Amino acid sequence: MSEFFLELFSEEIPVSLQINLRKGLLEEINKIFEDKSIKSRKNFSLSTPNRLIIVFQGLDKEVEIQSEEIKGPSTSSAPQALEGFLKSKNINKNNLFKKKIDKGEFYFFKTKKKKLKTLDLLSENLPKIITNFKWKKSMKWGNYDLDWGRPLKSILCVFDKKVVNFELNHLKSSNLTCLDKDFEEKKKTFNDYNSYQKYFSKIGIILDQEKRKDLIKKNIEKVLKKKNLKIQNNEKLLEEVTNLIDHPYILECSFDKKFLSIPVEILILTMQSHQKYFPLFTKKDEITNEFIVIANRKDDQGLIKIGNERVVEARLNDAEFFWNKDKSQNLVKKVSGLKSMNFFKGLGNYFDKVQRMRKLGASISDELLISKEKVELSASICKTDLISEIVGEFPELQGIMGGHLSHAQGFDKEIVDAVKEQYLPIGSSSVVPKKPFSITLSLADKIDTLTGFYGINEIPSSSKDPYALRRVALGIIRIIIENKKNIKVHDLFSYSQNIFLDQGFKFSNDTLIKDITIFLKDRFKYYLKEKNIRYDIIEAATKILDLNKISLVYEKAKSLNKIINKKIGEDIVSSYKRALNILNSEIKNINEDLSNTTDPGIFKNDFEKALYKKTNELRQFFSGITLNQNFDESLVLLAAAKNEVFAFLDNVKVNDDSEVIKKNRLELLNYFCKTYENFIDFQLIRDINE
């Protein structure tokens, strides 16, 4: 059993590309071995910023490929087909024999047994695998015809302690590798992974990314325990730092406490996102002036620590200057400055947008019974942070900084929170705004955006959504559902369209509201699917969707989904389906259409009366149903009607000899089914027997 060991040494590869390379190249090589039935005891891939390492241990040196019969063209095929087959298999006609199978007589040839050496397989296939690797982003350099994530410098490739010889453009495989990325002339020979790993371990380089991560976590925990502090749980940052270094060393750093007066989001963004540091917090989640840096070498003289602290201080000095300058400038007076900032071609500038948001927000405020004046004020100032210098420096904080600026200038808390939360939710896992003014401003922003982009036909395709309109639509749906609000969304989109027209914008989309309705229905179905609602319930709930009642429809679908596979669900569906089946089979045998009126005066028995009474009770219950209704209770009432409908169908002859009685009984069944459909379209719900 042998070992295959490959190292690709390059300039530093970005984290995301590095992770894809580590996983993807191992899979591609594994496919080659599996295709030829070459087995290995163990295989793995490792990486540092400069090194991609792939190892297969306990690998077969060679395998015996058994002979097999290869089917060719039919004996009745044209001569050209046979010639093509012979050429493709590099054989002559003497190697063929004829054989009858189910589909007729065909030419066959039998391959010979042969031994395949793993070394030969690697030499032949590795250049293709490396060259054809699919990068998300790649580059070429110099005059070399090789696409790679970053310039590739050397290829160490050995099998069974022997070099696997191949050429890759300007590179030739060997058993040498560079020892230092800064001094590439320093090279060393390695003929197996064990000696390679031991050498680098001895000089402090950890090749295994998982071991690096564990070491970083343990060392961070030691610092936190010593200081009685904590860090925010950020697996993404930990993963990123792990793949940025190969010789981890923890540095405890700090900055001047005066910067703690700056909004905390600036501090976190500066350290965490821009510099890849770990800010430290108290047990009460208050940020401190301390942070942890993961360096790539030991800092014996403390120079790396000083350098990192200087970088943070410089950035925070700038942030403090911009923050103090911006918070002194009146936000209301800055609103007119939005005229100079374009929103989108064909949709005006940000001043136009906030005027539209004012009107939309005022309309929503009527539904939520909140102060229209506060909503209009929050809409007016909500985009002014876009022209502030602090957002120019930290564009990721738009909205959030608007909240801080409005707070610093003494605006009411409802306005501050609304401005701060206007962009929520920012993703499928993000929280939604919960406060009435925040809900209003967020909805106004999203409805205006969706109306505008659909109005100028900037509509998402099946594969592209450059303006994240799916996220916008899902945000509208989540805000309404998760706050259990029955906001008249359809009416708001119509109003939004009129506001655009009043501003003088002309839309090229003549079916704007229809298109938005279809789009929101699709997003609503997606939302239901993500909530694990059964497919047939989704279809039933959305067959005829009233956008003004999204939250109501969701609550019904959720309640039905909970009980659909239980006895109560079986009772509901079986009652409805049995009544509907009788109705559909008999309705074609009457001479006139049903009039949706049942005459209790001509009932002949108590079963008719009982079903009529029960249906009236249900009808009365559903006529008063609201969002606050207990839908679980509604389903219990529907299930309880099984006794009456089954008793009626078991004991009453619907197809009575009297046309009048027969029609009246069909009217009763129709009345019953229509009453059930007040909850959901049960025609689309799958019966347990279907």
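Quantities reported herein were computed from a predicted structural model and do not represent experimental measurements.

1. Considering the environment of Lys525
Relative to the helices and strands, Lys525 is located in helix H18 (residues 512–530). In this structure, the C-alpha to C-alpha distance between Lys525 and Lys162, residues 363 residues apart in sequence, is 59 Å. The contact partners of Lys525, leaving out residues within four places of it in the chain, are Ile538, Glu539 and Thr542. At 3.1 Å, the side chain of Lys525 forms a polar contact with the side chain of Glu539.

2. Here we look at the packing of aromatic side chains
Tallying each qualifying case throughout the model produces 37 aromatic pairs. Aromatic pair Tyr199 and Phe200: ring centres 5.3 Å apart, planes at 85 degrees, arrangement edge-to-face. Overall, Tyr199 belongs to the partly exposed group, its relative accessible area being 24%. Owing to a relative accessible area of 0%, Phe200 belongs among the buried residues under this scheme. Each member of the aromatic cluster is reached from another via a ring pair, and the members are Phe5, Phe44, Phe190, Tyr193, Tyr196, Tyr199 and Phe200. Positioned over the ring face of Phe646 is Arg578, at 4.8 Å from the centre of the ring.

3. Here's the deal with the sheet that holds strand E17 (residues 287–295)
Reading across from one edge, E15-E17-E16 is the order of the three strands in this open sheet, with antiparallel pairing throughout. Among the strands making up the open sheet, the edge pair consists of strand E15 (249–254) and strand E16 (278–281). When strand polarity is set aside, the average angle formed by the axes of neighbouring strands in this sheet is 30 degrees. Pairing of E15 with E17 involves six bridges; the strand directions are antiparallel. Across the sheet, the residue bridging to Leu251 is Val293, located in E17. In this fold helix H5 (residues 209–227) packs onto E15, E16 and E17, with an angle of close to 35 degrees to the strand it touches most, E15. Helix-sheet contacts for helix H7 (residues 264–274) involve E16 and E17, and the interaxial angle to E17 is about 10 degrees.

4. A word on helix H10 (residues 350–368)
With 19 residues, H10 extends 26 Å between its outermost C-alpha atoms, agreeing within 8% with the 27 Å of an ideal straight helix rising 1.5 Å per residue. Among the residues of H10, Tyr350, Asp352, Lys353, Val354, Arg356, Met357, Leu360, Gly361, Ala362, Ile364, Ser365 and Leu368 are the ones counted as buried. Where H10 is buried, its residues meet helix H11 (372–381), helix H15 (436–455) and helix H17 (489–502). Capping the start of H10 is the job of one residue whose side-chain oxygen sits 3.0 Å from the backbone nitrogen of Phe351: Asn349.

Rules used in this analysis
- Residues numbered from 1 in each chain as written.
- Predicted model: local features only at pLDDT ≥ 70, side-chain atom pairs only at ≥ 80, totals over all residues.
- Heavy atoms only, no water.
- Helix = DSSP H or I, 4+ residues; strand = E, 2+ residues; numbered from the N terminus.
- Contact = heavy atoms within 4.5 Å.
- Polar contact = N/O pair within 3.5 Å; in protein donor to acceptor, adjacent residues only side chain to side chain.
- Phe/Tyr/Trp six-rings, centres within 6.5 Å; stacked < 30°, edge-to-face > 60°.
- Buried < 20%, exposed > 50% of the residue type's maximum accessible area, 1.4 Å probe, protein only.
- Lys NZ or Arg CZ within 6 Å of the ring centre and 35° of its normal.
- Pairing = 2+ DSSP bridges.
- Axes fitted to C-alpha atoms, helices over the stretch in contact; angles between N-to-C directions.
- Expected span 1.5 Å × (residues − 1).

Take it as geometry only, folks, not as evidence of what the structure does.
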